Structure formats: structure tokens, C-alpha cells
Amino acid sequence: MTQNATLLIKATIALNRYFGYPSFRDGQQKAVESLLARRDTLAIMPTGAGKSLAYQVPALVFDGLTVVVSPLISLMKDQVDALEESGVTAAFLNSSLTAKEAAERLTGVKRGKYKLLYIAPERLETEGLRALLQDVPISFVAVDEAHCVSQWGHDFRPSYGAIAPFIQSLPVRPLIGAFTATATEEVKADIIRLLGLENPKVLVTGFDRPNLSFSVLRGENKQDYVLSYVEAHSAQSGIIYAATRKEVDKLTEILAGHGVLVTKYHAGLPDQERNEGQEGFIHDRKPVMVATNAFGMGIDKPDVRYVIHYNMPKNMESYYQEAGRAGRDGDPAECLLLYGAADVQLQKYLIEHSVSDPQQKQKELRKLLQMVDYCHTDRCLRQAILQYFGEENVPDTCASCSNCTDERESVDVTLDAQKILSCVYRMRERFGVVLVADVLKGANTKKIREMGFDSLSTYGIMHDCPTQAIKDRINYLIAEEYLHLAGGEYPVVKLTPKSAPVLKGEVKVWQKITSKPLRATKDAPGLFEKLRRLRLEIAQREGLPPYIIFADRTLREMAERCPLNRNDLIRINGVGELKREKYGEVFLEVIHKFLRERDVSGGTSPHSL
Ligand code: ADP
Ligand code: MG
């Protein structure tokens, strides 16, 4: 057997023993093999592909210490907690430690106590640390989120510039591995050059995230939709992105008012409140997070089951990055985008006011239009995304996005459309959605009387429709471009070239009616829920996020396969040796109790593994 094959077997055994997984995933295995062959490696893998294990497992096989450079304190802590829980010795050095703590860890490093040492890039600049690491055998340096080294990336960190000089200062050049999800050519070239990779193996795993299903909903009543969605998925963790702080505040309040366990995050909140919100979310105390796009970098919570965009983001890159925070664990997860035409106005406004360079402005406006196209396409959404990112040979259908699975009924709404278009025409295309809806409703307001709108033939023509429903219908017509929103801060509704044929009765308007997500039924909790509850108790006692104890998928597998003893248990994905020792007994107890109760109530008997 070749040496490489032997090493791969060793790595797979470590994967199994510490992390409880039987095999590497495809892209992961290639990266691991390349590293085990001691070739510098740049691995470009999408979010959730499993980059961490791609360097952590080789670290376990190599002699000596592996240094991991990672940009965020919260990430480091999370990873080190997860490693320790799995029985791997690891530590981190960053500005969150006191001088005494840092000194203790350094002593540990010198004594060879750790297999992995996570270091913040700023630390690498300090002379003292460099001197100390001189006589520590460092065999491998893994750079996570390696795109941070590039000015072209979206999260440039000048301190990543300290990595290459640090490596040069070492007496023996270690193996270097760089990991990122960003694949643009500029970023790739920068990583290789600025980190000083030598003859690197560059591995690119496809962008597809098969476990994510994508949906776009146009002209919905967003608030109602989100509320019913969240209530129907109350046991699950989800993120709702809104465009502005004000919108985040409002939506959080509404959800909280309906008893949803919700928290929020945006740049306008005091540090402490933001941190508390984030912690509450990570630890599953508040499963729903409402946030602006300020939230997410460095959140590796693997069991986010849905990401809803309450507003359309500014481009496809932002969208895929934010939506991609769903389903890192590989289990099915939903990404929903609630399109409203006002979102386009807002994004245009933001670009106009934040980008000064005319060329850059044009570029961003073009990207915005591509985002709008995505919201209107009737092609497969997964295909649209992957082709946007330059992937080739993408299948025409995915059988999971809202376009591939659309079975909604189309309803003829031509009559309503004619009433609305005609009213907009009669109001001379100079007013916003709210006033148009009021006139159609026949509201008796001072403004309407003063403007004389109460004498229009369309006044009150939709009086038997709730005002909100009229507004929703108008928004639908805008989303489908039968109407157009114009102007900045106070947009007014105007007709479009598509309006006249409708008014003349030449074209019919159809609307697909979305059925609201079903509200959750309150059945007795199944085994999965019971296991989750136990996990939450343990997590709270240990002050760890629940997913560090066991992944959702691990609990689901336990609930399906009902392991009855320690041997059965170790065969469940995600149960490594240390975790079996620490938690096996209590989880087995819950399973046995569940089965006993079920047998008493006349269920079938379990099949063993
Ligand atoms: P990335 O950094 O690429 O976004 P992570 O390293 O955070 O992804 O891994 C995402 C999830 O995938 C984690 O929950 C991890 O435990 C899981 N995972 C990684 N490798 C495997 C594997 N070989 N088998 C099963 N699950 C895996
Ligand atoms: Mg990662």
C-alpha cells in the first residue's frame, strides 16, 4: 500500500473516532488527500461543505502542532469548543484572553499539549509570540476564510498580511492550506501570492448546495407570510433578513407580539444587546433571528433551517451568501425571498447615495437588475443561481425550487387589475400605493375630499375588499410590471406599457395564489423532540451551543434508528468516542423510555440496527 493510502486510512479513522463520521465528503476528501501528500493546497468549497474538518483531520494525522488562522473571535471559540467536545486538544489565542490566560496557553503550546492552535492574524505580528513559536514544531498552517487576505474580497482584513511573514520567520517551512468559499479569479490569485503558496493544488468544489431549496414569492403580504411561516416552523431555527434597521425593529416587535421566541441584530444596537441577541440565537434560546445584513459573518450555526429575505438584497452575491447560511449541516433547508417592488427602489436609492464612482455605480446598478431578474424568472432558480456564478452544465430543473415545484392555482384577477389601473390613471399617476388603495376602498378622509377624489368613478369601486387586500393586489401588479413605482423616498404608482392592453380587455391578468404555510399542530412530542430537549438541557448546563453537543441530523438518526446500546450508538453519524462516553447513557435512557411508553400505548416494536 502506498504511503498516501495509509495516511488516508489513518485520517478516516480519526474522522470516525473523534467526529463520528464514516467518510469524507467528495470535495473534502480531495483536499485532505492533497494535504496528506504535503502539497500546499487552496480549497475553494461552498459554505457548509465542511472546510473545518478538511484541515482539522490532517492536523490529527500530522506530527507536531497545526496553527489555524481564523478571522473572528466567535468562530475560534466555537471551533475550539467543538474540538474539545470531540476529544481533540485545542486552544485559541486572541484579544479576548487576559494576559494570564494567554500565558497559560503558551506554556501549554510549548509543552506540546495541543494538536491545534487557533490564532487571530493580528497576534502573528507580535514579536514575543513569533519568538516563542520558533522552537515549537509547527507542521501545518491552515488559513481559514483565506479570501480575507484579498482587497478584492468582501471582507478584506489587513492583518491577514501578517501570515506570510510569520510563516517565513519559522525555522522549518510548514505545509500551508488555504480555505475559502470565494472563487473569483482575483481573490484566488491574491490568496496564492499573498500567502506564499508554493506550487499549490487548487481544488474547486461546485457551488451547488443540493440541500437548499429556493423560492421567490412576489406580491405577497410579507408580514402575514412571515408570521405564518415562522409559526408553522416554531421548533426550527431561522434567520429573517430585512433591509433596514427600522424594518428589523418593526418585524421583531410583531413576531414577539405573537409569542415567537425572536431576537434581533443590526448595527444600530448597543454592543451588549447585539451580543446577547446573537448568543440567544446560537444557543437556541431564541430560535428566530431578525437582522440586517450586518449579521452572519462568523456565525457557523449549522442547523439554521430557513433564511427568509423580507426584502430583496442588492445583488446575487449577497443573496447567495446570506441564503447560504441555511443548512450548513447538509439537512434540507429553505431559502425564501419575498420580493416587493419597493425593494428595488430602496436598493437603487442606497446605491445612488453610497457609491460615488460613476463606473462603480453603473456596475452595481447592473448587478441590481440581475437580482431583479432572478426574482422574476420562471426558470429553475437553482440553475439561475449557478449560471450566474459561472457554473457550466447545470441541469434545467432541480425539482425543489419554487419554479420547479409550482403547483399553485392561477386565479383570474383581470377585473381587479382593471379597477386598479383605471384608478391610477384617473389619479393622474401622481400618488403612492396607500392613497390609491384608499380611493379604491372609498375611504372618507380629509385628503381624499380635498383632492376631490371622492368624485372619481373609481372611488369606492373595491369597497367590499379589505384595504390591505387592495394594497396587496396593487403590489402584485407592481411586481408583475403592470404598474411601476417611480421616485425616491415617496414613490408614486405609474402605468407601464403593459397597462393599456389590460385596460382594453386584450390581456388577462393571472395571479398564482400562495397557500399559507400550515400552522404547526401540537402533537405529543416525538422522540426527536425529546432528544432535542435533552440536548438543550445539557447545552445550557455546559454553557455550549446545542449543536456542539450533537447535530440535528445525529439526533434525527437516533430517533429513526433507535439505538438500544453503546454499540448501536457509535454507529450513528456524529457520535464519536468521547461523546459516547460523555452523553451516551442519558440519550440511551431517553430512547428506552420513549420506546417503553410507545409500547404501552400500542406502538410497533423497534428494529435494532
Ligand atoms: P464550511 O466551513 O465549509 O462552511 P463547516 O466546516 O462549518 O463548513 O461544516 C459544515 C457542517 O458539515 C458541520 O456541521 C460539520 O460537522 C459537517 N460535516 C463536515 N464534514 C462532514 C462529513 N465528512 N460527514 C458528515 N458531516 C460533515
Ligand atoms: Mg468555515
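Below, the structure is looked at part by part. (Residues numbered from 1 in each chain as written. Chains lettered and ligands numbered in written order. Predicted model: local features only at pLDDT ≥ 70, side-chain atom pairs only at ≥ 80, totals over all residues. Heavy atoms only, no water.)

Concerning the site of ligand 1
Rule in force here: Only heavy atoms are used to decide nearness, and a residue is near a molecule or strand if one of them lies within 4 Å of it. Whenever two N or O atoms come within 3.5 Å, that pair is a polar contact, provided that in protein one can donate a hydrogen and the other can accept it, and provided that, for residues adjacent in sequence, both atoms are side-chain atoms. Throughout, the Shrake-Rupley method with a 1.4 Å probe supplies accessible areas, and for residues the shown protein chains are the sole cover considered. Numbering goes from the N terminus for both helices and strands, where a helix is a DSSP run of H or I of at least four residues and a strand is a run of E of at least two. Residues are grouped as follows: Ala, Val, Leu, Ile, Met, Phe, Trp, Tyr, Cys and Pro are nonpolar; Asp, Glu, Lys and Arg are charged; every other residue, Gly included, is polar.
Lining the immediate surroundings of ligand 1 are 15 residues, of which Tyr21, Gln28, Gly48, Ser52 and Arg328 lie closest. At 3.0 Å, a backbone N or O of Gly50 approaches an oxygen atom of ligand 1. At 2.8 Å, a side-chain N or O of Arg328 approaches an oxygen atom of ligand 1. Burial of ligand 1 by the protein amounts to 85% of the accessible area it has alone, namely 570 Å². With 3 residues, helix α3 (residues 51-61) is the largest single contributor of residues to the shell around ligand 1. Tallied by class, residues from the shell around ligand 1 come to 6 nonpolar, 6 polar and 3 charged.

Things to note about the sheet that holds strand β13 (residues 333-339)
Quick reminder of the rule: Think of it this way: DSSP has to see at least two bridges between two strands before they count as a pair. Axes here refer to lines fitted to C-alpha atoms; in helices the fit is confined to the stretch in contact. Angles between the N-to-C directions go from 0 to 180 degrees. By the convention used here, residues are in contact when the closest approach between their heavy atoms is within 4.5 Å.
Strand order in the open sheet formed by 6 strands is β8-β13-β12-β9-β11-β10, and the pairing between neighbours is parallel. Only two strands of the sheet have a single partner each, and these edge strands are β8 (212-218) and β10 (262-265). Pairwise comparison of adjacent strand axes, ignoring direction, gives a mean angle of 15° for this sheet. Both β10 and strand β11 (residues 288-291) contribute to a ladder of 4 bridges, which runs parallel. Paired with Thr263 across the strands is Met289, a residue of β11. In the packing of helix α10 (residues 245-257) onto the sheet, the strands contacted are β9 (237-241), β10 and β11, and the crossing angle to β10 comes to about 170°. Against the sheet, helix α11 (residues 271-282) engages β9, β10, β11 and β12 (304-309), with an angle of about 135° to β10.

Notes on the sheet that holds strand β4 (residues 116-119)
One open sheet accounts for 7 strands, arranged β3-β4-β2-β5-β6-β1-β7; its pairing is parallel. Strands with a single pairing partner mark the edges of an open sheet, and in this sheet they are β3 (90-93) and β7 (201-204). The sheet shows a mean angle of 15° between the axes of neighbouring strands, taken without regard to direction. Bridging between strand β2 (residues 65-69) and strand β5 (residues 138-143) involves 5 bridges; their strand directions are parallel.

As for the environment of Val509
The criterion, for reference: Only protein chains enter the accessibility calculation, which uses a 1.4 Å probe; a residue whose area is less than 20% of its type maximum is buried, one above 50% is exposed, and one in between is partly exposed.
Within the secondary structure, Val509 is located in the loop between α20 (499-503) and β17 (510-513). By relative accessible area, which is 0% here, Val509 ends up buried. Sequence separation between Val509 and Tyr482 is 27 residues, and the spatial gap between their C-alpha atoms is 9.0 Å. Ignoring any residue separated from it by four or fewer positions in sequence, one finds Val509 in contact with Val411, Asp412, Val413, Thr414, Ala417, Tyr476, Leu477, Tyr482 and Val502.

By themselves, these are just geometric observations and shouldn't be taken as functional.
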